[in-house]
Amino acid sequence: MDHFLYRNGQLHAEDVPLAEIAATVGTPVYCYSTATLKRHYRLFTEALSPLPHLVCFAVKSLSNVAVLKTLGDLGAGMDVVSGGEYRRARAAGVPGDRIVFSGVGKTREEMRLALTEGIRQFNVESEPELRALSEVCVSLGVTAPITLRVNPDVDARTHEKIATGKKENKFGIPISRASEIYAEAAGLPGIDVVGIDVHIGSQLTALEPFEQAYLKVADLTQRLRAEGHDIRRLDLGGGLGIPYSRSNDAPPLPLDYGALIKRTVGHLGCEIEIEPGRLISGNAGVLVSRIIYVKQGEGRDFLILDAAMNDLIRPSMYGAHHDIVPLAEPAVAVQPHVYDVVGPVCETGDTFARARPLPALRQGDLVAFRSAGAYGAVMASEYNSRPLIPEVLVKEDHFAVIRARPSFDEMLARDTLPPWL
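The shown structure was predicted, so the numbers you read here are calculated from the model rather than taken from an experiment.

Of the regular secondary structure elements, the chain holds 12 helices and 21 strands. Computed over C-alpha atoms, the radius of gyration of the chain comes to 23 Å, within 12% of the 22 Å expected from 2.2 N^0.38 for 421 residues, which places it in the range of a compact globule. Each of the three principal axes of the chain carries a C-alpha extent, and together these read 70 × 60 × 40 Å. Taken over 421 residues, the chain has a buried fraction of 55%. The long-range fraction of contacts in the chain, counting pairs at least 24 apart against all pairs at least 6 apart in sequence, stands at 70%. Accessible area for the chain stands at about 17,900 Å²; split by element, carbon and sulfur atoms hold 52% of it. Looking at charge distribution, the chain has the averaged site of its 44 positive side-chain charges lying 1 Å from that of its 52 negative ones.

For helix H3 (residues 65-72), the set of buried residues is Val-67, Leu-68, Thr-70, Leu-71 and Gly-72. The distance from a side-chain oxygen at the start of H3 to the backbone nitrogen of Ala-66 is 2.9 Å, and the residue carrying that oxygen is Asn-64.

Counted by the stated rule, this structure contains seven aromatic pairs. For the ring pair Phe-210 and Tyr-214, a centre distance of 5.8 Å and an interplane angle of 35 degrees mean the geometry is tilted. You can see Phe-210 and its partner Tyr-214 sitting in helix H8 (residues 208-226), four residues apart, about one turn around the helix. For Tyr-214, a relative accessible area of 1% corresponds to the buried category. Taken together, the aromatic side chains of Phe-44, Phe-210, Tyr-214 and Tyr-257 make up a single cluster linked through ring pairs.

Where charged atoms from two side chains of opposite charge come close, those side chains can pair. In the structure shown here, the tally under the stated rule is 23 salt bridges. We note a salt bridge from Arg-233 to Glu-271, for which the minimum N-O separation is 3.6 Å. Residue Arg-233 is found in strand E12 (residues 233-235), and its partner Glu-271 is found in strand E13 (residues 271-274); the two are separated by 38 residues along the sequence. On the basis of relative accessibility, which here comes to 23%, the residue Glu-271 falls in the partly exposed class. Between Arg-386 and Asp-311 there is a salt bridge, with the nearest N and O atoms lying 2.8 Å from each other. Of this pair, Arg-386 sits in the loop between strand E19 (366-369) and strand E20 (391-395) while Asp-311 sits in the loop between strand E15 (301-305) and helix H11 (314-318), and the two are 75 residues apart along the sequence. On the basis of relative accessibility, which here comes to 1%, the residue Asp-311 falls in the buried class. Salt bridges sharing partners connect three or more residues here, namely Glu-127, Arg-131, Arg-177, Glu-180 and Glu-184.

All right, on to the side chain of Arg-233 then. Classification of Arg-233 as buried rests on a relative accessible area of 15%. Ignoring sequence-local partners within four residues, the contact set of Arg-233 consists of Arg-120, Gln-121, Val-194, Gly-195, Ile-196, Cys-270, Glu-271 and Glu-273.

It is worth spelling out the sheet that holds strand E3 (residues 16-17) at this point. Note on sheets: strands pair through backbone hydrogen bonds, and any given pair is parallel or antiparallel. In spatial order, the strands read E1-E2-E3; together these three strands make up an open sheet with antiparallel pairing. Across the chains shown, the open sheet's two edge strands, defined by having one partner strand only, are strand E1 (4-7) and E3. With two bridges connecting them, strand E2 (residues 10-13) and E3 associate as antiparallel partners. Each residue of the ladder has a partner; that of His-12, found in E3, is Pro-17.

Further remarks concern helix H2 (residues 34-48). Its 15 residues give H2 an end-to-end C-alpha distance of 22 Å, which sits within 8% of 21 Å, the value for a rise of 1.5 Å per residue. For H2, the set of buried residues is Thr-34, Thr-36, Leu-37, His-40, Tyr-41, Phe-44, Thr-45, Ala-47 and Leu-48.

This paragraph deals with the nonpolar core. By size, the foremost hydrophobic cluster in this structure holds 96 residues, and its most contacted members are Met-78, Phe-122, Leu-133, Ile-146, Tyr-214, Leu-234 and Ile-261. Excluding residues that lie within four positions of it along the chain, Leu-234 makes contacts with Ile-196, Val-217, Thr-221, Val-265, Leu-268, Cys-270, Glu-271, Ile-272 and Glu-273. Counting 17 residues, the second largest nonpolar core, distinct from the first, contains Val-16, Ile-21, Val-29 and Val-392.

Quick look at the packing of helix H4 (residues 83-91) against helix H5 (residues 108-117) now. Put simply, H4 and H5 touch, their axes get as near as 9 Å, and they point 20 degrees apart. By the angle class used here, H4 and H5 are roughly parallel. When the axes of H4 and H5 are compared, the crossing they make is left-handed. Along the contact surface, H4 presents Gly-83, Tyr-86, Arg-87 and Arg-90, while H5 presents Glu-110, Leu-113, Ala-114 and Glu-117. A per-class count over the contact of H4 with H5 returns three nonpolar, one polar and four charged.

For the peptide bond that leads from Thr-27 to Pro-28, omega is -10 degrees, which places it in the cis range. Relative to the assigned elements, Pro-28 resides in the loop between helix H1 (18-25) and strand E4 (29-33). In this model, Ser-49 is joined to Pro-50 through a cis peptide bond whose omega is 5 degrees. As for its placement among the helices and strands, Pro-50 is situated in the loop between H2 and strand E5 (53-58). Of note, the phi angle at Asn-8 is positive, near 55 degrees, even though the residue is not glycine. One can find Asn-8 in the loop between E1 and E2. Using a relative accessible area of 80% as the deciding quantity, one classes Asn-8 as exposed. Located in the positive-phi region is Asn-384, a residue other than glycine, with phi close to 65 degrees. Residue placement: Asn-384 occurs in the loop between E19 and E20.

The rules behind each value
Residues numbered from 1 in each chain as written. Predicted model: local features only at pLDDT ≥ 70, side-chain atom pairs only at ≥ 80, totals over all residues. Heavy atoms only, no water. Helix = DSSP H or I, 4+ residues; strand = E, 2+ residues; numbered from the N terminus. Rg over C-alpha atoms; globule rule 2.2 N^0.38 Å. Buried < 20%, exposed > 50% of the residue type's maximum accessible area, 1.4 Å probe, protein only. Contact = heavy atoms within 4.5 Å. Areas by Shrake-Rupley, 256 points an atom, 1.4 Å probe, with all protein chains shown as cover. Lys, Arg positive; Asp, Glu negative; His and termini not counted. Charge placed at Lys NZ, Arg CZ, Asp CG, Glu CD. Polar contact = N/O pair within 3.5 Å; in protein donor to acceptor, adjacent residues only side chain to side chain. Phe/Tyr/Trp six-rings, centres within 6.5 Å; stacked < 30°, edge-to-face > 60°. Salt bridge = Lys/Arg side-chain N within 4 Å of Asp/Glu carboxyl O. Pairing = 2+ DSSP bridges. Expected span 1.5 Å × (residues − 1). Core = buried A, V, L, I, M, F, W, Y, C linked by side-chain atoms within 4.5 Å. Axes fitted to C-alpha atoms, helices over the stretch in contact; angles between N-to-C directions. Parallel < 35°, antiparallel > 145°, perpendicular 65-115°, else oblique. Left-handed = near helix turned anticlockwise from the far one by under 90°. Nonpolar A, V, L, I, M, F, W, Y, C, P; charged D, E, K, R; others polar.

So yeah, pure geometry; function would need other evidence.
Structure follows, in structure tokens:
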């Protein structure tokens, strides 16, 4: 469920007409719903109760500080994968003891930052990283709580670019070598082994892969405890998918996911951490764009928008589907027209949809890409020297710009000429 609904013939974000935001801020523009963000976060906390738990929002899915503060103020933790994301979480007021640091390539500088300002745990992904973290801890005279991310060799049945739990993926340590590497971790100075981490991929639409992975984690927990390790925390990752198309079957609900966690690992007496991103932020955001031209091609018509692949790269990068809807509500019995929906970037890959049935649309009309809150603005670029587009947060009948569109002068000012020019 989201809070983007037609009212009086116009698509609204909560109580604000999206056309009003477009008129005030310009297009293209990302718009997020506070009510949706909060509702989706609470679905996870309710699903895991009464287990001791922490829901850590995956900052990589939507990293605007205003969004992080909205969730952090509810008690959310943060899952970060870079020093920049760590700084964003701290800027949002999230304390270090609610921040989990993931990622395969943590640098010593990032380790020092988190150890100095506070960290709940590092999810360590390799032996070289483990040794580097130990050395940094010794140099600072501190101890780092860690989990080791195990790779359970489970097929998440998702897009190959976002699958992370098979043995050929770069993530984690082989579960077959867990005992060996946990023993090394326990013997290193500055390292406190607190648990196990696993994450098998993103946009999962079935619970079975989670169940396979979590049963392996349960067996590993008992084995490691028998070997003398105090396993008291399980980080089960994220990855639960969302319905990108209203016509497709809905993925499992957080309530069902929570029941699976209780069934597979709830008996172990561990604190549970999960790291949802997409399911919290995906349907909490839309991308609003204006039609520049309607172009008649050879055997097809094109809607040429002012949004492009640099603003929303998912369709170009993953072949991803986003529902596209007009801001003006179409008549119920309107006959659809088939369009290719494209952007202005000089790439054939700058295509959002092919042969998409839509109401007949005209130059100047506004459209919204639904389910654009996750991996939209965070993956945007300035390709073709197009400024990053603004982000807006709505709460009830108010809205605020939470990231402004830079001017061309600001964009150009970041370039500097060498002395010989």
